[in-house]
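Fold and contact review
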Amino acid sequence: MNDLVIRGSKYLPDADATTAFGAALAGVLRAGDVVVMTGDLGAGKTTMTRGLGAALNVRGDVTSPTFVIAREHPSLGDGPALVHVDAYRLGGFGELDDLDLDTFVDDAVTVVEWGAGMAEGLSEDRMHLTLTGLDDRTVTVETAGPRWADIDLVAALGLVAD
């Protein structure tokens, strides 16, 4: 992950703030974007994705896809769909690749929980979110690829620049 650029971090004092951060992400993400989420169990990855899905106006409740591995939430408007993946049970990129996510990637925002070390192959342009802490958490935002070069994520997401 040496190609990542740290854009900043944000303190998220509770689940509502985590959901709101997910909603703010919807303002900077577009179809084709890949978001790789890392964090301890219970750190808020699904909570953040729920906020993202609500702001993207997608169909269905955004819940953890732990047992189904991947779930697609079609857009209810003219925005992108949301593809929500839980890679926790996968053994590597080969198993992730078997899901044929690349058939969705261009038309959806793809969020891969537990995807570090395997989801990087989905796109050279990606955002990595690392959540630390449980109820009282911090999110660190890193990006890779030219897609993010001209976007002021510090301002758009209310980050503290690192």
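Residues numbered from 1 in each chain as written. Predicted model: local features only at pLDDT ≥ 70, side-chain atom pairs only at ≥ 80, totals over all residues. Heavy atoms only, no water.

Some remarks on the overall build of the protein
A tally of regular secondary structure across the protein gives five helices and seven strands. The secondary structure elements of the protein, listed N-terminal to C-terminal, are β-α-β-α-β-β-α-α-β-β-β-α. When burial is assessed residue by residue, the protein has 48% of its 162 residues classed as buried. Taking as baseline every contact in the protein between residues at least 6 positions apart, the subset at least 24 positions apart corresponds to 64%. In the structure as shown, the protein presents an accessible area of about 7,500 Å², 49% of it carried by carbon and sulfur atoms. (Helix = DSSP H or I, 4+ residues; strand = E, 2+ residues; numbered from the N terminus. Buried < 20%, exposed > 50% of the residue type's maximum accessible area, 1.4 Å probe, protein only. Contact = heavy atoms within 4.5 Å. Areas by Shrake-Rupley, 256 points an atom, 1.4 Å probe, with all protein chains shown as cover.)

Quick word on the packing of aromatic side chains
For any pair of aromatic rings, the description rests on two quantities: the centre-to-centre distance and the angle between the ring planes. Counted according to the given criterion, the structure contains zero aromatic pairs. Above the ring of Trp 114, the side-chain terminus of Lys 45 is found at 4.2 Å from the ring centroid. (Phe/Tyr/Trp six-rings, centres within 6.5 Å; stacked < 30°, edge-to-face > 60°. Lys NZ or Arg CZ within 6 Å of the ring centre and 35° of its normal.)

Looking at the environment of Ala 43
Take Ala 43: it is sitting in the loop between β2 (34-39) and α2 (45-56). Its relative accessible area of 0% is what places Ala 43 among the buried residues. Sequence separation of Ala 43 and Arg 137 is 94 residues, and the distance between their C-alpha atoms is 7.1 Å.

Describing the side chain of Thr 18
Tracing the backbone shows Thr 18 in helix α1 (residues 15-26). Using a relative accessible area of 0% as the deciding quantity, one classes Thr 18 as buried. A distance of 2.7 Å separates polar atoms of two side chains, one belonging to Thr 18 and the other to Arg 137. Aside from chain neighbours lying at most four places away, what touches Thr 18 is Leu 12, Gly 44, Thr 47, Met 48, Leu 131 and Arg 137. (Polar contact = N/O pair within 3.5 Å; in protein donor to acceptor, adjacent residues only side chain to side chain.)

Description of α1
Structurally, the α-helix is built with 3.6 residues per turn, so residues lying three or four positions apart point the same way. With 12 residues, α1 extends 17 Å from end C-alpha to end C-alpha; this agrees with the ideal 16 Å at 1.5 Å per step. Every buried residue of α1 is accounted for by Ala 17, Thr 18, Phe 21, Gly 22, Leu 25 and Ala 26. Those residues of α1 that are buried lie in contact with β1 (5-12), α2, β6 (126-132), β7 (137-144) and α5 (153-157). One side-chain oxygen at the N-terminal end of α1 lies 3.2 Å from the backbone nitrogen of Asp 16; it belongs to Asp 14. (Expected span 1.5 Å × (residues − 1).)

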